[in-house]
Amino acid sequence: MAELGFAEQFVTWAMRVQWTHIGDGRQRSLVLHRAFDAMDMPEGASLIAELTEALMRASARPLAFPCPKWRVLTNDEARLLAFIGAMQARDGTPLALCDPQWRSPAHTSSVWPVAQRLALALGAAGLRFGARRHGETDMPPLAPPFH
């Protein structure tokens, strides 16, 4: 996890909070709302919830999204980050990085659009995948606090 850029760490944390801390994944956590608000991305918590639900429907097996404190990236998380990163890059590789289960006609329509909306919203908020350079931070400036 420490080798990932801020955007990847943030999305991994958000998916883990949504997936494991909230029970069945349908409720949205206040901590997620606050975190995405701080990133000037108020729709982020809703997009994470939609993506979680789409992934649960599309997967024939339980996906590995551990506790938010877990320090190791799972294969499922790595696959999802690569998929979202490819969508941000718009280089034609998202389908190649897409989990085969997400490609079936019954499920592609649910996972692909929400992942694409999330990738675009992350980019618009300054959260770019693969942007980290050695010794530099890729964390965007935080939105001013609300009083």
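Quantities reported herein were computed from a predicted structural model and do not represent experimental measurements.

Draft legend 1. Region of the structure containing the confidence of the model for the protein. Considering every residue of the protein, the mean pLDDT works out to 77; 70% of them sit at 70 or more. For the protein, helix α5 (residues 94–97) is the element with the lowest average pLDDT, namely 56, and helix α2 (residues 30–38) is the one with the highest, namely 89. Below pLDDT 50 for its whole length, residues 133–137 participates in zero contacts with residues either more than four positions away or in separate chains.

Draft legend 2. Inspection of the nonpolar core at higher detail. In this structure, Met-15, Met-41, Leu-51, Leu-55 and Ile-84 are the most contacted members of the largest nonpolar core, which totals 38 residues. Breaking this core down by element, the ones donating at least two residues are α1 (6–21), α2, α3 (44–58), α4 (75–89) and α6 (105–124). For Ile-84, the contacting residues outside a window of four places in its chain are Val-11, Leu-51, Leu-118, Ala-119, Leu-122 and Phe-129.

Draft legend 3. Molecular detail of α4. Helix length check: α4, at 15 residues, gives a terminal C-alpha distance of 21 Å against a target of 21 Å (1.5 Å per residue), a fit within 8%. Here α4 has its buried residues at Asp-76, Glu-77, Leu-80, Leu-81, Phe-83, Ile-84, Gly-85, Ala-86, Met-87 and Gln-88. At the C-terminal side of α4, Arg-90 shows a positive phi close to 50°.

Draft legend 4. Local environment of the environment of Ser-110. Looking at the secondary structure, you find Ser-110 in helix α6. Taking the relative accessible area as the measure of exposure, Ser-110 reaches 18% and is therefore buried. Between the alpha carbons of Ser-110 and Arg-57 there is a distance of 8.5 Å; along the sequence they are 53 residues apart. Excluding its chain neighbours within four sequence positions, the residues that come into contact with Ser-110 are Ala-54 and Arg-57.

Draft legend 5. Just α3, in detail. Its 15 residues give α3 an end-to-end C-alpha distance of 21 Å, which sits within 8% of 21 Å, the value for a rise of 1.5 Å per residue. Among the residues of α3, Gly-44, Ala-45, Leu-47, Ile-48, Ala-49, Leu-51, Thr-52, Ala-54, Leu-55 and Ala-58 are the ones counted as buried.

Draft legend 6. Summary view of the packing of α2 against α3. Packing of α2 against α3 brings their axes to within 8 Å, and their N-to-C directions diverge by 125°. Considered as vectors, α2 and α3 are oriented oblique to each other. In contact with Leu-32, His-33 and Phe-36 of α2, α3 contributes Gly-44, Ala-45 and Ile-48. Considered class by class, the residues forming the contact of α2 with α3 number four nonpolar, two polar and no charged.

Draft legend 7. Highlighting the pattern of salt bridges. Summed over all chains, the structure comprises four salt bridges. Between Asp-76 and Arg-61 there is a salt bridge, with its nearest N and O atoms 2.6 Å apart. Here Asp-76 is found in helix α4, whereas its partner Arg-61 is found in the loop between α3 and α4, with 15 residues between them in sequence. On the basis of relative accessible area, Asp-76 is assigned to the buried category, the value being 7%. Put simply, Arg-61, Asp-76 and Arg-79 are held in one network by salt bridges that share partners.

Thresholds, definitions, all that
- Residues numbered from 1 in each chain as written.
- Predicted model: local features only at pLDDT ≥ 70, side-chain atom pairs only at ≥ 80, totals over all residues.
- Heavy atoms only, no water.
- pLDDT = per-residue confidence, 0-100.
- Helix = DSSP H or I, 4+ residues; strand = E, 2+ residues; numbered from the N terminus.
- Contact = heavy atoms within 4.5 Å.
- Core = buried A, V, L, I, M, F, W, Y, C linked by side-chain atoms within 4.5 Å.
- Buried < 20%, exposed > 50% of the residue type's maximum accessible area, 1.4 Å probe, protein only.
- Expected span 1.5 Å × (residues − 1).
- Axes fitted to C-alpha atoms, helices over the stretch in contact; angles between N-to-C directions.
- Parallel < 35°, antiparallel > 145°, perpendicular 65-115°, else oblique.
- Nonpolar A, V, L, I, M, F, W, Y, C, P; charged D, E, K, R; others polar.
- Salt bridge = Lys/Arg side-chain N within 4 Å of Asp/Glu carboxyl O.

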